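Secondary and tertiary structure notes
So you can see what is in the structure, the chains are spelled out below.
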Protein chains: 2
Amino acid sequence: MAFEVHYRTATCGELTVEDVDREVVLSGWVNRRRDHGGLIFLDLRDRYGLTQVICDPERSGGAHKIASDVRSEYVVQVKGVVSRRLPGTENHQLETGEIEIVAQEMEILNASRTTPFPINSDAIQVDESLRLKYRYLDLRRSRLRDNIVLRHRIVKAMRDYLDERGFLEIETPILMKSTPEGARDYLVPSRLYDGEFYALPQSPQQLKQLLMVGGMDRYFQIARCFRDEDQRADRQPEFTQLDLEMSFVSEEDVMSLMEDMLIFLIEKTVPQKHIKARPFPRLSFKEAMDRYGTDHPDLRFDLPLIEISDLASAGTFGVFKSALAAQGMVKGIKVPGGASYTRKEVDELTEFARTLGAKGLVQLAIQSDGTLKSPLTKFMTAEEVQAIVNRLEGQPGDLLLFVADSVKVCNEVLFRLRVKLAERLKLIDPQEMALCWVVDFPLFHYDEDLQRYDAEHNPFSGMDETHIERLNSDPLNIRAKQYDIICNGYEVGGGSVRINVAELQRKIFSLMKMNDEQIHEQFGHMLEAFEYGAPPHGGIALGVDRLVMLFADEENIREVIAFPKTQSAQDLLMGAPSPVDEKQLTELHLQVRRQPQNQETRS
Amino acid sequence: MAFEVHYRTATCGELTVEDVDREVVLSGWVNRRRDHGGLIFLDLRDRYGLTQVICDPERSGGAHKIASDVRSEYVVQVKGVVSRRLPGTENHQLETGEIEIVAQEMEILNASRTTPFPINSDAIQVDESLRLKYRYLDLRRSRLRDNIVLRHRIVKAMRDYLDERGFLEIETPILMKSTPEGARDYLVPSRLYDGEFYALPQSPQQLKQLLMVGGMDRYFQIARCFRDEDQRADRQPEFTQLDLEMSFVSEEDVMSLMEDMLIFLIEKTVPQKHIKARPFPRLSFKEAMDRYGTDHPDLRFDLPLIEISDLASAGTFGVFKSALAAQGMVKGIKVPGGASYTRKEVDELTEFARTLGAKGLVQLAIQSDGTLKSPLTKFMTAEEVQAIVNRLEGQPGDLLLFVADSVKVCNEVLFRLRVKLAERLKLIDPQEMALCWVVDFPLFHYDEDLQRYDAEHNPFSGMDETHIERLNSDPLNIRAKQYDIICNGYEVGGGSVRINVAELQRKIFSLMKMNDEQIHEQFGHMLEAFEYGAPPHGGIALGVDRLVMLFADEENIREVIAFPKTQSAQDLLMGAPSPVDEKQLTELHLQVRRQPQNQETRS
């Protein structure tokens, strides 16, 4: 450009009345152009803000002519003078809203075709696949831009916090060893060793423990992890976690550090939010399941689930009786003010419960005059029904809803019904962050499909020292030294104090029905490491994508990832996955087995 | 532990005479145990330092008994009182060297087998494959520990520096699209789309440019990159780079930012080092090749290469004549004081040159009395020989060495000979950091094998605006807007101001003999993005492993990576790559083609 070596002397977000009369050069995108009484107004946009540029035929010379050629999303450079806007024309929404640039010279740095969706408005709903294909355009819109900036700030704050406390960020390999245990690995064929593969890490779990054996004392990493699982709304083939491990610590040490860090992150990066309770409440796994039907309860609202199995055994109500006879339970929830719901509204809730596997919802409405409206009244005495009302602390105007089924179905249905009711009752403050710990997990559950014990968290979790002998007698009643951190109903992290004794670790693997050869093949290096002075250690991993999603008030992690994949694991921008040259496959000693029946799945 | 919930109240690196009489709890590894006159001395070690613990039979009670059982690398917890060491027994090398802990209680937290190599001495040479297999033990030794700590500090300082200047760290995907152009990709088979693959990124080049199109303005990432190439000493299958891109910048903007950042990093993390010249010298590609025979010269010493082709054409010396007749050159180097080298020493240098492809070295010794000893004197006049001596500024006592060969061989041989001579002449100050820029690269070179033009840096590099027309007439004479940063003879980074005009980018691809279909298939998304208001932009990538290696005075990047692979791409600790279950391959629609002749390569 002839008149200026530098493309800009200021960004589009920084000029104010302090700068009036300064000669400046700006570069940016044309967010909007308006022609008004012979004048041309351009809103020039960059990551930092918007600045209004005014071109008039007298003062702006050639710039006025050029401005008449530009369209939305053209990249232009403007030289001009900062001026105070006329009184009454200020825009107090903008940092730069009291000034404008009177253009003297202008150059088009690059043109733009008409974009497939408008950049200057977030209000317009755009099909997500179009947004993903043109991600570079979507990133110009304020929603994604703000999310990406927030993500940077959150992760930077994590690093600052941990660095100050002596943690070392240590990179662990992406080309790892496949371990069939756990989720499905992504594999990477080796060219040098035919028939052999690397695997992308599901987490740096083993290596972070080996770093503790290596004396690194306090480790963290913002680590990329990979799982080749079928995707849910908030899953991606690759995701990012804050992975952390510490030596010479108890559960309390890890939890109190993380609690302090999360408070720091919220106060620093989203000060408009408020934390519901400090210190974070701690629920046992059992309390969480009993009261909320889930181990990741949303504590922004109360609406507890209340079991009435003991009361439900009275009377002759077949629905209750048969559930209890089948080792099931009866559990209910109170809907304040729900007695006034229309039949249609109640039917909707019932239908919702059915889609989750319930046979139906048993209703009990406490009308404003105190009379009860419920099928129960036909099968139970007034006292028996009243006992149930009392258990749920029902008041006139409330609706009580019950599920009678297996423990699993009752919890699953009522957990989700509770959230749905909270939304309907508008009990959720969008600026509230309700964090809690869930603790006292069992070390094992019994996997009926695999016909063996399986680790509740991962096979490296330590256990209550007084429970070690139960490994032989009662494995399902061992308390793990495990903790999950929950925010607004999302599990945002979990961890444990680990096993650091080879024999104990070996015992866990054998309870998981691994034989000695499998143990040696997959975990021999861990067991060997534990023989060389492994310190007590523990750690945690937080889901960075999910945490940023919650901080950003988004409902899907794709909104906080610069280049996400679709739910079917495709990159619509680059076009991945894609076929490769036969030569590449030959070098990798591979041949594709085409499966005709699968061809149709792609479309 | 009975007497203390917390494992420690201090680390092994922090107690001083200020703490005398404090009761403390320490945990760590037994670095060394000495028994001395009934007393037992333990040096307790953690990441932070060493603290001496003294157990005496009177004051330490049961701790003395336990201390007599511990061995090197046992993990122990000690409770005791900080005491001043007796005068004359202080260790001024240690931060904690004026105090010791008089043990009161002790517990063995974990035992250790005898380690395969000693942890408490870096002096002992250990076979590298043993170090890699027991990496968790090697990490306890001070050399690796210090390197890992330094790496953390360097990378943290990079992030702080860039964050302060408005850069956003943005994560780009690891599961990418394969692009055959460039080095060989690592591939990841897709389970959902049979016969299709992701590729691990060789660099986030395209995505960082798309982030600029997306208005992110200033991006960086500490990015993991992958190349499936045969390994050299300082290559790894995966490596880490500081990847950076900026919008609205010239070459000067990127270079001056990086120069300032590198100075900041050195001053902050290795203050004992000194930077040879500021601002960093800038050499054109041509100057670097002429004067040093390489585009990544070591400027800690001078020893320039000097061409004498014009002078060598005089006389009748066949070696010179035939090289010049074959379009070659004659180039020399002066070895100060080299006239006194023994025949054996000169023969060694000649042999070294031969292994690099030279036919030999032509010698010219200027003896202390000024007489010349050289084969040249037989084939040239005294004046002709003297002209050569003058060109190289030869002084009595110097040895001049010449290579007559193709330009490529002359440069390659003399580049390496120059470094070897500098080592022999002890011209290298190990604390010196000689940084320089190499600029004015040609945009293209002609690849004889591929019979086409190939990008010198990458196909996205921009070019001098005044040279654009040469794309049609003279592609080899286009100056690229490219810059490499060199430190002590290593290329530590490189980048360019990019093309942001679709038509120009398309022209580059077609000069590289890609047809329209290939261009569309591989780079269609880039060309399309450039149609939507792509700003001027440029960037750079720095090799983090190599930079840390230089800061840490190491000669191999494996010494600054926590879990490196061998030169043959194996992970000796975890055992990767490895065979996988047939079930995994079936899910990925793959079959291994065994190649019997390759089986032997593994051993």
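Going by the structure above, here's the rest.
Parameters at a glance
- The written sequence of each chain sets the order in which its residues are numbered from 1.
- Here chains are named by letter from A upward and ligands by number from 1 upward, in the order in which they appear as written.
- Local features in this predicted model are restricted to residues of pLDDT 70 or higher, and side-chain atom pairs are both shown and tallied only at a pLDDT of 80 or more, whereas totals for entire chains, interfaces and linings draw on every residue.
- Hydrogens and water are ignored here; the side-chain numbers use all heavy atoms of the structure.
- To sort residues, take the accessible area from a 1.4 Å probe on protein chains only and compare it with the maximum for the residue type: under 20% means buried, over 50% means exposed, and anything in between is partly exposed.
- The helix and strand labels rest on DSSP assignments: H or I over at least four residues marks a helix, E over at least two residues marks a strand, and numbering proceeds from the N terminus.
- What the arc describes is the spread of directions from the helix axis to the C-beta atoms.
- We call two residues in contact when some of their heavy atoms are within 4.5 Å.
- Throughout, the protein atoms alone are placed on a 1 Å grid, and a set of points is a cavity if a 1.4 Å probe fits but cannot get out or a pocket if it is open with protein on both sides within 12 Å along at least five of seven lines; lining residues have an atom within 4 Å of a point.
- Grid points are joined across faces, edges and corners, and a volume is the space filled by probe spheres set on the points.
- The copies were overlaid with a least-squares fit restricted to C-alpha atoms from residues scoring a pLDDT of at least 70 in each copy.
- When DSSP finds two or more bridges between a pair of strands, those strands are recorded as paired.
- Throughout, an axis means a line fitted to C-alpha atoms (over the contacting stretch in the case of helices), and angles, computed between N-to-C directions, take values from 0 to 180 degrees.

What about helix α12 (residues 382-391) of chain B?
All names here are of chain B. Within the sequence span of α12, burial applies to Val 385, Ile 388 and Val 389. Projected down its long axis, α12 carries its buried residues within an arc of 100°, all on one side. Residues of α12 that are buried in the fold lie against α8 (309-312), β15 (362-366), β16 (372-373), α11 (376-379) and β17 (399-405). Phi for Glu 393, located one or two positions after α12, is positive at around 55°.

A closer look at empty space enclosed by the protein
Tallying each qualifying case throughout the model produces 12 cavities of 30 Å³ or more. In this structure, the largest cavity occupies an estimated 580 Å³ of space. In this structure, the largest cavity is lined by 36 residues; those nearest its centre are A:Arg159, A:Ile222, B:Arg159, B:Glu169 and B:Ile222. Elements that contribute at least two residues to the lining of the largest cavity include exactly α4 (142-164) and β9 (218-226) of chain A together with α4 (142-164) and β9 (218-226) of chain B. Broken down by element, the residue count for the lining of the largest cavity peaks at 6 residues, all from α4(A).

A few points about the relation of the copies chain B and chain A
Copy one and copy two of the chain differ by a rotation about a common axis and a shift along it. In screw terms, the move from chain B to chain A is a rotation of 180° and a rise of 0.0 Å along the axis, fitting with an RMSD of 0.0 Å. Seen this way, the second copy is the image of the first under a two-fold rotation axis. Of the residues that chain B buries at the interface, 100% are likewise interface residues in chain A, meaning the two copies contact each other through the same surface.

Regarding the sheet that holds strand β5 (residues 99-110) of chain A
All names here are of chain A. Pairing is mixed around the closed barrel formed by 5 strands, whose spatial order is β1-β2-β3-β5-β4. Adjacent strand axes in the sheet meet at a mean angle of 55°, parallel and antiparallel pairs treated alike. When strand β4 (residues 75-84) meets β5, the two strands line up antiparallel, connected through 10 bridges. Across the sheet, the residue bridging to Lys 79 is Glu 105, located in β5.

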